[in-house]
Amino acid sequence: MEKSSALAAAFNDRTSSFQHGLSKQPWDWQAAALTVILVQIAAARLAISEWVPFLDVVERLSFLAAVLGLLIGYSSLTRRQTIWIGIEYGLLLVPMQLLTAIERTDLLYMDLRGIVIRLFDSFTLLAQNQPVYDTLFFLTLSSLGFWIIGLHAGYQFARHRNFLKISIPSGLAML
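Owing to the predicted nature of the structure, the values given are computational and were not obtained by experimental measurement.

Thresholds applied
Residues numbered from 1 in each chain as written. Predicted model: local features only at pLDDT ≥ 70, side-chain atom pairs only at ≥ 80, totals over all residues. Heavy atoms only, no water. Buried < 20%, exposed > 50% of the residue type's maximum accessible area, 1.4 Å probe, protein only. Helix = DSSP H or I, 4+ residues; strand = E, 2+ residues; numbered from the N terminus. Polar contact = N/O pair within 3.5 Å; in protein donor to acceptor, adjacent residues only side chain to side chain. Expected span 1.5 Å × (residues − 1). Core = buried A, V, L, I, M, F, W, Y, C linked by side-chain atoms within 4.5 Å. Contact = heavy atoms within 4.5 Å. Salt bridge = Lys/Arg side-chain N within 4 Å of Asp/Glu carboxyl O.

A. Here's a closer look at unusual backbone geometry. For glutamate 50, which is not glycine, the phi torsion reads 55 degrees and is therefore positive. You can call glutamate 50 exposed: its relative accessible area is 64%.

B. Main features of the environment of arginine 104. Mapped onto the elements of the fold, arginine 104 is located in the loop between helix H4 (79-98) and helix H5 (108-127). On the basis of relative accessibility, which here comes to 47%, the residue arginine 104 falls in the partly exposed class. C-alpha separation for the pair arginine 104 and glycine 114, spaced 10 residues apart in sequence, amounts to 9.8 Å. Of note is the side chain of arginine 104, whose polar atom sits 2.9 Å from the side chain of aspartate 111.

C. Spotlight on H4. End to end, H4 covers 28 Å across 20 residues, agreeing with the expected 28 Å (1.5 Å per residue, within 8%). Among the residues making up H4, those that are buried are Thr82, Gly86, Gly90, Leu93, Val94, Gln97 and Leu98.

D. Fine view of the nonpolar core. In terms of nonpolar packing, the biggest core is built from 27 residues, with Leu55, Val58, Ile115, Leu136, Leu139 and Trp147 touching the most fellow members. If you list the elements that add at least two residues to this core, you get helix H2 (29-49), helix H3 (56-74), H4, H5 and helix H6 (135-160). Counting residues per element, this core draws most heavily on H6, at seven residues. Excluding its chain neighbours within four sequence positions, the residues that come into contact with leucine 139 are Pro53, Phe54, Leu55, Val57, Val58, Leu98 and Ala101. Of all hydrophobic cores here, the second largest spans 10 residues; its members include Val39, Ala66, Leu70 and Ala153.

E. Representation of the environment of aspartate 121. Secondary-structure assignment places aspartate 121 in helix H5. Taking the relative accessible area as the measure of exposure, aspartate 121 reaches 42% and is therefore partly exposed.

F. Inspection of the pattern of salt bridges at higher detail. Summed over the entire model, instances satisfying the criterion amount to three salt bridges. For aspartate 111, the salt bridge is made with arginine 104, and the minimal N-O distance between the two is 2.9 Å. A salt bridge links aspartate 134 to arginine 118, with the shortest nitrogen-to-oxygen separation between them at 2.5 Å. Of the two residues, aspartate 134 is situated in the loop between H5 and H6 and arginine 118 in helix H5; the sequence distance between them amounts to 16 residues.

Take a look at the structure:
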């Protein structure tokens, strides 16, 4: 019984210190919304171009990335931890969204394998300086680019309130 109460006390100490670290930082909801909107405008401009089908995947990923960037930037995690969280969520969410752009089968493994094979073939063609006609290649590169832009923008706003580091990458993506 004492072991479980000691564990509960340690958990309460940890959560209270986490909440205490968060409560020191002020939060500006309007600026946070503006950060998400700025990233969304850049992604929407790409989706409106309709260069390839399923560009709405890029819009969804940029929104998720900006919100995740705000959350991890607001947390008291170290920079290394936030980078790993961004990578781990990216490895989960980007393939999940890319699955909406392909013809699905009954097996998730086969669908993911098909995406990896198509991307490997596209990178092989690119390395051989040949044209790549697979639209999934462009969709993947755009998704990864906007994932990084969204995470960076949200993190920079929440952690440093640096609006130049928010607007310059999104502005360059719009251009």
